[in-house]
Amino acid sequence: MATDVHSPLPRSATDLFGDPIEDSHPLWLNPSKFSDTEFDPESYISDLRTFVPFDTLRSELRSHLGALKHELVELINRDYADFVSLSTKLVNVDSTVVRMRAPLLEIKEKILAFRGSVDSSLAALQSRLKQRTQANESREVLELLLDTFHVVSKVEKLIKELPTVPADWPSGTINSTEKGQISNNISFQHAENGTNIRETQSMLLERIASEMNRLKFYIANAQGMPFIENMVKRIQNASLLLDTSLGHCFIDGLEHRDANALYNCLRAYAAIDNTTSAEEIFRSTVVAPFMQNIIPYGSPGTVGTSSGDDLEQDYGRIKQHIQDDCKFLLDISSTENSGLHVFSFLANSILKEVLSAMQKGKPGAFSPGRPTEFLKNYKSSLAFLEYLEGYCPSRAAVAKLREEAVCVEFLKQWNTGVYFSLRFQEIAGSLDSALMTATLVLSQKSSNQEYSQSLVLKQSISLMDCLSSCWRDDVLLLSCSDKFLRLFLQLLSRYSNWLSVGLSVRKAGNVSANSGFEWAVSASPDDFLYIIHDLNCLVEEVCGDYLGHVLGLLKSCPPEVLDLVKQSILQGGDSLKVLQPLVINSIVETLVEKSVEDLRQLKGITATYRMTNKPLPVRHSPYVSGVLRPLKVFLEGERAATYLTTELRKELLQGSASEITRRYYELASDLVSVARKTESSLQKIRLGAQRRAGASSDVSDNNISDTDKICMQLFLDIQEYGHNLASLGVDAATIPSYRSLWQCVAPSDKQNTISL
């Protein structure tokens, strides 16, 4: 019976009676793309998220997942009969399994038997390999022990064969009779060729040293073995004999200056890594004797006294001895490609003995209590170190010399910090003593001709002397140049503080006894001219020649350091420059106070015209001619002509005139204001009396009022005052307070135009 392939599938009960499943999706969600082979979920979601919210996207995907699960359940329910009948179609499976079990078990037994055979063979092989490894290790240990024994025996034999070199043996060759005394059946080829015994002995010692070096290697690899421990005494004896013989040969070579013997001995010392012994022998044999002659230090009576602590001559003699007695060994130890660079005779032999001799024979040379001698000795010591560095064959050797413990200890002996403290107290104390005087002291024709022609006050000269002391050759230590620069700035700050505080005390007028600023209160305006002159000279000197001198001393410093030093010194000069306006203001205040004493006389104008019948004034008051007299006398004085520049003169004149005019305006405006208020009160009283008497109140008094007379007198006075200003070179019309004063007292028809 044919089946219609187009017949619809049977529908389940869920399809008939269940809730309808929504299979509609938004236009942006296309589930068919999920089955594409090139589908990428991450890129698909990232594209959708550009225009679809994440929550909406997640909700739609979950809805699609639920639809897929529902479809799967429906498919299983629809074809459930086929799933159940699948197992019933497997016929005669049990008999097939039984037939296959026997061959599989047989194969398993064979595999297990083969595996056991392989495991036993592997265990036997591993056991043999382990035995072989142990045998190799034992053989290596045995070979090591045999080599050690052979090397020890060889070293002992070679030590016994060392020739004996008498102390008085000539440096020439040995004869045939003496050859036989050396041998013990050993033929010395070098001796037969005419080589001296010292060279032969040194060559043999070098050979022994190389064997000892190899012996040390064997011992290091055989630590803790009983055989080696039993040979320790023999090895120690051999090492001791080698050191003794090598020391005697080295000393003999030094005494006879045998270059070949010394070269071989040094190679032997380097081979056994015992450079300290060679350096110590050279120090005690060669360096110590001439150091004992230069700086005796054997007994307490030979300790250097204060008069003998100078090291410059001693260093000269030491350098000569180094050139004569030490140079030959230094040249040998610096031979190129010789392997002798491990020795440091400069530090551990020469410098070590020099330091020891100085500590015992001249301990006072290190004392900073005498700064001048200390600085001289310190500079001589640095020059000596530079001389020693001249024997170094390379920069690496120089760096190594500077890092040696002896060199570091040598430099530690010079306490430059205490030296600077003493110099600080000396220099700063000198300036403090000069600034604590109660008056400004003029300099006499002192011994210091460098500043006597420019600076006037002893306080300023003392400052310049102290500033120069910071960078003098007999004071400055380049290693403390930063501290001396700070001291330089502190000296400028101390001087600036002394001057600025003194001016403040003068302005406040409350100086106390022994405060150190009495000079400021007692100083006259002419005295302040000295200060202005000295400030200009100090600024010019500090920012000019002084700056160049300091930069020249520090020329070895990096450019960025020099820039900082230059900026610091220029800032110090600026700290002095800013004091000049303060001094000028103090002069102006003093001159103004003297002028105001005459200005106070204008109060008498009120008494002259109040309630009197005096006519209008026609000439100025007598006090006007004295208002500017203090300023004129000051400017025409000898000191002003000598120490005031044109710019300072103009600045001081303008400042004084403006301040005097301002005070003039304050007094005159107060006087006019009081006069007008008084006149107004009197007129009210007069009008009241007229009303009570029945007189007509509209009858006006055509007489000139007292206030008009007072204003006219003041007007005449300020005209004369303007003439006096013009005689000093000041245009009164340019002063704002003068224009205000003119408008205050001038008649109404002249208030807008200032006419003198």
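Residues numbered from 1 in each chain as written. Predicted model: local features only at pLDDT ≥ 70, side-chain atom pairs only at ≥ 80, totals over all residues. Heavy atoms only, no water.

Topic: the overall build of the protein
Counting its secondary structure elements, the protein contains 32 helices and zero strands. Scored against the burial criterion, the 756 residues of the protein give a buried share of 38%. A separation of at least 24 residues holds for 77% of the contacts in the protein among residues at least 6 apart in sequence. Taken as a whole, the protein presents about 44,000 Å² of accessible surface, with 53% of it coming from carbon and sulfur. (Helix = DSSP H or I, 4+ residues; strand = E, 2+ residues; numbered from the N terminus. Buried < 20%, exposed > 50% of the residue type's maximum accessible area, 1.4 Å probe, protein only. Contact = heavy atoms within 4.5 Å. Areas by Shrake-Rupley, 256 points an atom, 1.4 Å probe, with all protein chains shown as cover.)

Brief notes about the layout of surface pockets
Volume-wise, the second largest pocket comes out at about 410 Å³. Forming the walls of the second largest pocket are 21 residues, and the residues nearest its centre are Ser334, His341, Phe343, Pro393 and Ala397. No other element matches the three residues that helix 16 (residues 395-403) contributes to the lining of the second largest pocket. When grouped by side-chain class, the residues that make up the lining of the second largest pocket number ten nonpolar, nine polar and two charged. (1 Å grid on protein atoms, 1.4 Å probe; cavity = no way out; pocket = protein on both sides within 12 Å on 5 of 7 lines; lining within 4 Å. Points joined across faces, edges and corners; volume = space filled by probe spheres on them. Nonpolar A, V, L, I, M, F, W, Y, C, P; charged D, E, K, R; others polar.)

A word on the nonpolar core
A general tendency of soluble globular proteins is for nonpolar side chains to be buried together. Formed by 178 residues in total, the largest nonpolar core has its most connected members in Ile208, Phe250, Phe282 and Ile350. The next biggest cluster of nonpolar side chains, apart from the first, holds five residues, and it includes Leu29, Tyr44, Leu48 and Leu57. (Core = buried A, V, L, I, M, F, W, Y, C linked by side-chain atoms within 4.5 Å.)

A look at the packing of helix 20 (residues 458-469) against helix 21 (residues 481-508)
With their axes 10 Å apart at the nearest point, helix 20 and helix 21 run at an angle of 165 degrees to one another. By the angle between their axes, helix 20 is roughly antiparallel relative to helix 21. Seen from above, helix 20 lies across helix 21 with right-handed handedness. In this structure, helix 20 uses Gln459, Ser460, Leu463, Cys466 and Leu467 to contact helix 21, whose residues at the interface are Phe488, Leu491, Leu492, Tyr495 and Trp498. For the contact of helix 20 with helix 21, the residue count by class is eight nonpolar, two polar and no charged. (Axes fitted to C-alpha atoms, helices over the stretch in contact; angles between N-to-C directions. Parallel < 35°, antiparallel > 145°, perpendicular 65-115°, else oblique. Left-handed = near helix turned anticlockwise from the far one by under 90°.)

Details of the packing of aromatic side chains
Summed over all chains, the structure comprises 24 aromatic pairs. Measuring from centroid to centroid gives 6.4 Å for tyrosine 738 and tryptophan 742, while their planes differ by 40 degrees, and the two rings are tilted. Taken as a pair, tyrosine 738 and tryptophan 742 lie in helix 32 (residues 736-745) at a separation of four residues, close to a single helical turn. Judged by relative accessible area, tyrosine 738 falls into the buried class, the value being 0%. Members of the aromatic cluster, joined through ring pairs, are Phe366, Phe374, Tyr378, Phe410, Trp414 and Tyr419. (Phe/Tyr/Trp six-rings, centres within 6.5 Å; stacked < 30°, edge-to-face > 60°.)

Focus on the environment of glutamate 389
Relative to the helices and strands, glutamate 389 is located in helix 15 (residues 371-389). Residue glutamate 389 is classed as buried on the basis of its relative accessible area, which comes to 18%. Taking the C-alpha atoms as reference, glutamate 389 lies 8.4 Å from leucine 346; in sequence the two are 43 residues apart. With residues near it in sequence (within four places) discarded, glutamate 389 still touches Val398, Leu401 and Arg402.

Some details on unusual backbone geometry
At arginine 257, a residue that is not glycine, the phi angle is positive and equals roughly 50 degrees. Among the structural elements, arginine 257 can be located in the loop between helix 10 (232-256) and helix 11 (259-271). If you check the backbone angles, aspartate 273 has positive phi at about 55 degrees while not being a glycine. Of note, aspartate 273 is situated in the loop between helix 11 and helix 12 (275-294). When its relative accessible area of 65% is taken as the criterion, aspartate 273 is described as exposed.

Here we look at the pattern of salt bridges
Counted according to the given criterion, the structure contains 22 salt bridges. Of the charged contacts in the structure, one is a salt bridge between lysine 376 and glutamate 312, with a shortest N-O distance of 3.7 Å. Of the two residues, lysine 376 sits in helix 15 while glutamate 312 sits in helix 13 (residues 312-333), which places them 64 residues apart along the sequence. Judged by relative accessible area, which is 41%, lysine 376 ranks as partly exposed. By relative accessible area, glutamate 312 is classed as partly exposed at 44%. Across the pair glutamate 426 and arginine 423 runs a salt bridge whose closest N-O atoms are separated by 3.1 Å. With glutamate 426 and arginine 423 both in helix 18 (residues 416-435) and three residues apart, this pair spans about one turn of that helix. Here the salt bridges share partners, and the residues they tie into one network are Glu280, Arg283, Lys352 and Glu353. (Salt bridge = Lys/Arg side-chain N within 4 Å of Asp/Glu carboxyl O.)

With respect to a nonpolar patch on the surface
A cluster of nonpolar residues, Met100, Leu104, Ile107 and Ile111, forms a patch on the protein surface that exposes about 410 Å² of accessible area. Taking relative accessible area as the criterion, methionine 100 reaches 48% and is therefore assigned partly exposed. (Patch = residues over 30% accessible without salt bridge, like charges linked within 9 Å, V, L, I, M, F, W, Y side chains within 5 Å.)

Some words on the packing of helix 24 (residues 559-577) against helix 25 (residues 579-599)
Closest axis-to-axis distance for the helix 24/helix 25 pair is 5 Å, and the angle between their directions is 10 degrees. As far as their axial angle goes, helix 25 and helix 24 are roughly parallel. Between helix 24 and helix 25, the contacting residues are Ser575, Leu576 and Lys577 on the first element and Leu579, Gln580 and Pro581 on the second. In the contact of helix 24 with helix 25, the residues fall into three nonpolar, two polar and one charged.

Considerations on helix 23 (residues 525-553)
An ideal rise of 1.5 Å per residue puts 42 Å on 29 residues; helix 23 measures up with 40 Å between its terminal C-alpha atoms. Along its length, helix 23 shows its largest kink, about 40 degrees, at tyrosine 546. (Expected span 1.5 Å × (residues − 1). Bend = angle between axes of the 7 residues up to and from the residue.)

A look at the side chain of asparagine 377
Residue placement: asparagine 377 occurs in helix 15. The buried category is assigned to asparagine 377, whose relative accessible area is 2%. What asparagine 377 contacts, discounting residues up to four positions off in sequence, is Asp309, Asp310, Leu311, Tyr315, Ala365 and Trp414.

Side note on the confidence of the model for the protein
With 86% of its residues at a pLDDT of at least 70, the protein reaches an overall mean of 81. Taken element by element, the predicted model of the protein shows its lowest mean pLDDT in helix 6 (residues 176-180) (35) and its highest in helix 17 (residues 405-412) (93). Note that pLDDT drops below 50 for residues 165-195; the model gives that stretch 36 contacts with residues more than four away or on any other chain. When the criterion is pLDDT under 50, residues 300-307 qualifies, and its contacts beyond four places in sequence or with other chains add up to ten contacts. (pLDDT = per-residue confidence, 0-100.)

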